[in-house]
Amino acid sequence: QTTTKPPPLPSPLRNSKFFQSNMRILVTGGAGFIGSHLVDKLMENEKNEVIVADNYFTGSKDNLRKWIGHPRFELIRHDVTEPLLIEVDQIYHLACPASPIFYKYNPVKTIKTNVIGTLNMLGLAKRVGARILLTSTSEVYGDPLVHPQPETYWGNVNPIGVRSCYDEGKRVAETLMFDYHRQHGIEIRIARIFNTYGPRMNIDDGRVVSNFIAQALRGEPLTVQKPGTQTRSFCYVSDMVDGLIRLMEGEHTGPINIGNPGEFTMLELAETVKELINPDVEIHMVENTPDDPRQRKPDITKAKELLGWEPKVKLRDGLPLMEEDFRLRLGVSKKA
Ligand code: NAD
Ligand code: UDP
Ligand code: UDP
């Protein structure tokens with residue numbers, strides 16, 4: 001029995017752009033806040049083809065409007081809890097609601113997204129030999145008993161609380177990543193992202209920076225949830241995207257903390273927003289939600305040493321950039 005090999009490709013086809021060494025990159029959750037900024041950065045490189053898969057739960061096509069129709073860009077309406085059969089070289093797996101009000105809205109769906117969604121993306125990575133990066137979260141540290149939080153800290157997480165669908169979901173997602181790595185040799189990267197802010201955040205997202213900026217622009221009181229002494233560390237989105245790409249391109253699996261170590265109480269944040277955006281607004285203390293972590297600040301020694309990364313944009317410089325975007329979207333112009 002003879003086997004027949006297909007004839008070699010005619011040279012014009014072999015030399016066509018399709019067969020050159022383009023990197024095809026899948027971004028799940030690419031219509032969201034961080035994902036769309038990541039897509040902007042990846043699209044700057046002419047060797048990249050970018051495919052976004054998103055179910056538009058918290059994201060929007062509008063965030064990607066400048067790329068729709070671009071020959072190196074593709075947008076798929078897809079829920080990651082369903083299998084996805086495509087051919088790619090890298091996967092940035094971001095799909096998951098990030099704001100507490102959205103991830104608590106349908107907690108079972110949040111767990112499915114983290115567990116089944118991550119399993120599907122790992123199955124895809126295994127089938128096509130792609131490298132996969134998971135955007136995990138500082139929430140894996142829960143209400144931390146170690147401060148600041150290094151990657152070696154295992155966390156203090158309530159397994160049955162209202163935030164657990166997200167925290168525990170991401171913890172299982174991390175476990176799946178390492179099991180696929182150890183069992184199947186998949187190339188993995190895990191970023192533990194700390195609070196990130198910037199243009200394109202959902203205005204009614206419920207997160208603290210977007211709430212305070214929208215409230216200041218609407219002339220409404222800034223709602224500081226009690227006690228107001230709880231802390232967070234806020235990273236500007238361009239720094240975050242830079243960190244994620246360095247992690248993907250580097251040699252280290254992680255987990256690696258990516259965040260800005262500048263630490264602020266929620267009262268300090270409210271005072272800063274008031275001073276920079278609208279000195280006339282009041283600050284109101286309101287009830288908090290259960291299990292709110294009291295403090296959070298990344299130890300970024302690993303990111304500095306292994307990725308040569310550290311954030312560049314200070315909170316005072318980032319807030320006005322976000323203010324500009326929110327003014328446009330809310331239709332509030334600056335007083336002369
Ligand atoms: P986002 O809500 O703006 O974006 C998430 C995107 O995922 C949205 O476009 C949404 O429609 C999509 N999505 C949700 N469920 C999906 C599903 N089942 N299938 C397909 N698409 C789905 O949030 P973000 O702030 O851009 O966060 C992106 C990632 O970063 C998330 O994984 C989040 O957990 C992580 N993260 C964010 C922060 C932060 O401060 N923003 C902090 C820690 C971790
Ligand atoms: N999967 C996917 N795309 C692929 C390959 C797999 O979505 O290209 C899904 C598949 O449906 C499965 C999951 O990924 O639910 C895990 O795949 P794997 O091959 O690791 O496990 P198995 O299919 O053997 O359970
Ligand atoms: N927060 C607040 N006012 C708001 C929204 C949030 O004081 O209008 C507080 C909240 O209690 C928490 C912190 O801000 O301590 C960060 O909350 P966010 O939901 O932005 O993020 P996460 O809790 O996921 O870090």
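Residues numbered from 1 in each chain as written. Chains lettered and ligands numbered in written order. Predicted model: local features only at pLDDT ≥ 70, side-chain atom pairs only at ≥ 80, totals over all residues.

- Labelled according to an unreviewed UniProt entry, the protein appears under the name UDP-glucuronate decarboxylase, originating from Rubroshorea leprosula.
- If you open the UniProt record of the protein and go to Cofactor (unreviewed entry), you find "NAD(+)".
- The protein has a UniProt comment under Pathway (unreviewed entry) that states "Nucleotide-sugar biosynthesis; UDP-alpha-D-xylose biosynthesis; UDP-alpha-D-xylose from UDP-alpha-D-glucuronate: step 1/1." (UniProt positions renumbered as here; feature names shortened; annotations may be inferred.)

## With respect to the overall build of the protein
Phase 1: When helices and strands are counted, the protein shows 10 helices and 13 strands.
Phase 2: For 336 residues, the compact-globule formula gives about 20 Å, and the C-alpha radius of gyration of the protein, at 21 Å, lands near that figure.
Phase 3: Overall size of the protein, expressed as C-alpha extent along the three principal axes, is 85 × 45 × 40 Å.
Phase 4: The long-range share in the protein, meaning contacts at least 24 apart out of those at least 6 apart in sequence, stands at 81%. (Helix = DSSP H or I, 4+ residues; strand = E, 2+ residues; numbered from the N terminus. Rg over C-alpha atoms; globule rule 2.2 N^0.38 Å. Contact = placed C-beta atoms within 7 Å.)

## Re the packing of helix 6 (residues 208-218) against helix 8 (residues 266-277)
Phase 1: Close contact between helix 6 and helix 8 brings their axes to 10 Å; oriented N to C, the two are set at 35 degrees. For the pair helix 6 and helix 8, the sense of crossing is right-handed. Between helix 6 and helix 8, the residues in contact are V208, F212, I213, A216 and L217 and M266, L269, A270, V273, K274 and I277, respectively.
Phase 2: In the contact of helix 6 with helix 8, the residues fall into 10 nonpolar, no polar and one charged. (Axes fitted to C-alpha atoms, helices over the stretch in contact; angles between N-to-C directions. Left-handed = near helix turned anticlockwise from the far one by under 90°. Nonpolar A, V, L, I, M, F, W, Y, C, P; charged D, E, K, R; others polar.)

## Side note on the site of ligand 3
Phase 1: Near ligand 3 lie 13 residues; those nearest to it are R207, V208, N211, Q225 and M266.
Phase 2: Of all the secondary-structure elements, those providing two or more residues to the shell around ligand 3 are helix 6 and strand 8 (222-225).
Phase 3: Looking at the shell around ligand 3 element by element, the count peaks at three residues for strand 8.
Phase 4: In the shell around ligand 3, the residues fall into four nonpolar, six polar and three charged. (Near = placed C-beta within 6 Å.)

## What to know about the site of ligand 2
Phase 1: With respect to spatial proximity, the complete set of residues near ligand 2 consists of P83, L84, L85, L119, N120, G123, L124, K126 and R127.
Phase 2: Looking at the shell around ligand 2, its residues break down into five nonpolar, two polar and two charged.

## Here's the deal with the environment of L119
Phase 1: With respect to the helices, strands and loops of the structure, L119 is situated in helix 4 (residues 107-128).
Phase 2: The partly exposed category is assigned to L119, around which 18 C-beta atoms lie within 10 Å.
Phase 3: Along the chain, L119 and A173 lie 54 residues apart, while their C-alpha atoms are 7.8 Å from each other. (Buried ≥ 20, exposed ≤ 12 C-beta atoms within 10 Å, placed from the backbone.)

## Considerations on the nonpolar core
Phase 1: Judged by nonpolar contacts, the single largest core of 72 residues is most densely connected at V27, I91, I132, F212, I213, L244 and V273.
Phase 2: Looking at this core element by element, the count peaks at seven residues for helix 6.
Phase 3: Contact partners of I132, with chain neighbours within four places excluded, come to I91, H93, M121, L122, A125, I186 and I188. (Core = buried A, V, L, I, M, F, W, Y, C linked by C-beta atoms within 7 Å.)

## A closer look at unusual backbone geometry
Phase 1: For the bond from K226 to P227, the omega torsion is 5 degrees, close enough to zero to count as cis.
Phase 2: Secondary-structure assignment places P227 in the loop between strand 8 and strand 9 (231-233).
Phase 3: Residue P255 is bonded to the preceding G254 through a cis peptide linkage, with omega at 5 degrees.
Phase 4: Within the secondary structure, P255 is located in the loop between helix 7 (237-249) and strand 11 (256-258).
Phase 5: Of note in the backbone geometry, Y56 takes a positive phi value of approximately 60 degrees without being a glycine.
Phase 6: Of note, Y56 is situated in the loop between strand 2 (48-54) and strand 3 (73-77).
Phase 7: Its identity as a non-glycine residue notwithstanding, R200 has a phi of 80 degrees, on the positive side.

## Remarks on the sheet that holds strand 4 (residues 90-93)
Phase 1: The seven strands are arranged 3-2-1-4-5-6-11 in an open sheet whose pairing can be described as parallel. In the strand order of this sheet, the two ends are held by strand 3 and strand 11, each with one partner. Pairs of neighbouring strands in the sheet enclose a mean axial angle of 20 degrees, with direction left out of account. (Pairing = 2+ DSSP bridges.)

## Quick notes on the pairing of strand 4
Phase 1: Side-chain alternation along strand 4 places Q90 and Y92 on one buried face and I91 and H93 on a second face that is also buried.
Phase 2: Sheet topology places strand 1 (residues 23-28) next to strand 4; four bridges connect them, and they run parallel. Following the sheet pairing, L26 is matched in strand 4 by I91.
Phase 3: Bridge count for strand 4 against strand 5 (residues 131-137) is four bridges, and the pairing is parallel.

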